[in-house]
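# Observations on the model geometry
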Amino acid sequence: MYKRQGEGSLHSHVTIEAAKEIYKEYTNAYFVFTTVGIRPDFVAAISALAEYCPVHCLQVTYLHHDNDRLKTIMPLADALRFDFELLVCALKESSRLRYRINYVAIRGLNDNPDCIETLCSRLRSISDRIVFRVSRYNETLTGNSHGVCRADDAFLGEAVERFRSQGFDAYVFASQHNDRMNCGPVSYTHLDVYKRQANV
């Protein structure tokens, strides 16, 4: 398992080259990449990588489809001019990737049927390549300071049933504990340390 590299789309070249280096050493490896979707061109980059090594899926986090609503809790989306429709187009353009949509349930933001219906309508044409992971939001001190709270646990199951009723595969992902999510060192730092240790 290779993780703790932060948002891969912000250093796409490093992410791609790191995967290639790993695959050279471990030919039985397969890859799962994750992104919050702020760089739609990352989808094409991972699709191109899939010609070189096995990509199990690309996980894309969903918080909201309305760009203005999203920017209120993710300022980086505003800085990088995030556009949900461009992301959807990028997902549809790649025919070789499977996607796991990480639906992070947040109270007052996306814990409602309208968000689910919108997602289903936008992605229905590629439903055979999508699975929805309805995730419990892991609260952090930073999130709490901005009023970002997890949705009621009951919503997680309700969301899964709604996705399934629309013909999508879906499941709940939730911890029994309020685990805090942390970003670690980026890929090139990790690989550099690995190479130094290997030479010892």
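Anything mentioned here points back to the structure above.
Described in the following lines is the structure provided in the data block.

Calculation rules
Residues numbered from 1 in each chain as written. Predicted model: local features only at pLDDT ≥ 70, side-chain atom pairs only at ≥ 80, totals over all residues. Heavy atoms only, no water. Helix = DSSP H or I, 4+ residues; strand = E, 2+ residues; numbered from the N terminus. Buried < 20%, exposed > 50% of the residue type's maximum accessible area, 1.4 Å probe, protein only. Areas by Shrake-Rupley, 256 points an atom, 1.4 Å probe, with all protein chains shown as cover. Phe/Tyr/Trp six-rings, centres within 6.5 Å; stacked < 30°, edge-to-face > 60°. Lys NZ or Arg CZ within 6 Å of the ring centre and 35° of its normal. Expected span 1.5 Å × (residues − 1). Contact = heavy atoms within 4.5 Å. Core = buried A, V, L, I, M, F, W, Y, C linked by side-chain atoms within 4.5 Å. Pairing = 2+ DSSP bridges. Axes fitted to C-alpha atoms, helices over the stretch in contact; angles between N-to-C directions. Right-handed = clockwise from strand over helix to strand, strands pointing away.

## Let's talk about the overall build of the protein chain
Along the protein chain, the regular secondary structure elements total nine helices and five strands. For the protein chain, the α and β elements follow one another from N to C terminus as α-β-α-β-α-α-α-β-α-β-α-α-β-α. In the protein chain, buried positions account for 42% of the 200 residues. When the accessible area of the protein chain is evaluated, it comes to approximately 11300 Å², of which 50% is carbon and sulfur surface.

## Focus on the packing of aromatic side chains
The tally for this structure, following the rule as stated, stands at eight aromatic pairs. Between Y23 and Y52, the ring centres sit 6.1 Å apart and the planes meet at 70°, which makes this aromatic pair edge-to-face. Of the two residues, Y23 sits in helix α1 (residues 12-25) while Y52 sits in the loop between α2 (41-49) and β2 (55-62), which places them 29 residues apart along the sequence. Geometrically, the ring pair formed by F31 and F33 is stacked, given 5.9 Å between the ring centres and 15° between the ring planes. Of the aromatic side chains, those joined through ring pairs into one cluster are Y62, F84, Y103, F132, F155, F163 and F168. The residue whose ring lies beneath K20 is Y52, and the NZ or CZ to ring-centre distance is 5.5 Å.

## A word on helix α8 (residues 153-165)
In this model, α8 (13 residues) spans 19 Å end to end at C-alpha, consistent with the 18 Å of a helix rising 1.5 Å per residue. In the core, the buried residues of α8 are packed alongside β3 (99-105), α6 (113-123), β4 (130-136) and β5 (169-173). Following α8 by one or two positions, G167 has its phi on the positive side, about 90°.

## Some details on the nonpolar core
Ranked by size, the top nonpolar core spans 51 residues in total, and within it L58, L91, Y99, I101, L123, F132 and F163 carry the most contacts. Those residues in contact with I101 that sit more than four places away from it in its chain are V60, Y62, L91, L123, I130, V131, F132 and R133.

## Looking at the environment of G167
Locating G167 in the fold gives a position in the loop between α8 and β5. G167 gets classed as exposed once you look at its relative accessible area, which sits at 54%.

## Observations concerning the sheet that holds β3
Pairing within the open sheet is parallel, and its five strands lie in the order β1-β2-β3-β4-β5. Only two strands of the sheet have a single neighbouring strand rather than two, namely β1 (31-35) and β5. Neighbour-to-neighbour, the strand axes of this sheet turn through a mean angle of 20°, independent of strand direction. Judged from the five bridges that link them, β2 and β3 form a sheet pairing that is parallel. Each residue of the ladder has a partner; that of Y62, found in β3, is Y103.

## What about the pairing of β2?
Burial analysis of β2 places seven of its eight residues in the buried class, the great majority of the element. Bridge analysis of β1 against β2 gives five bridges, and the strand direction is parallel. When the bridges of β2 are listed, T34 appears paired with Q59. With α2 bridging β1 and its parallel neighbour β2, the resulting β-α-β unit is right-handed.

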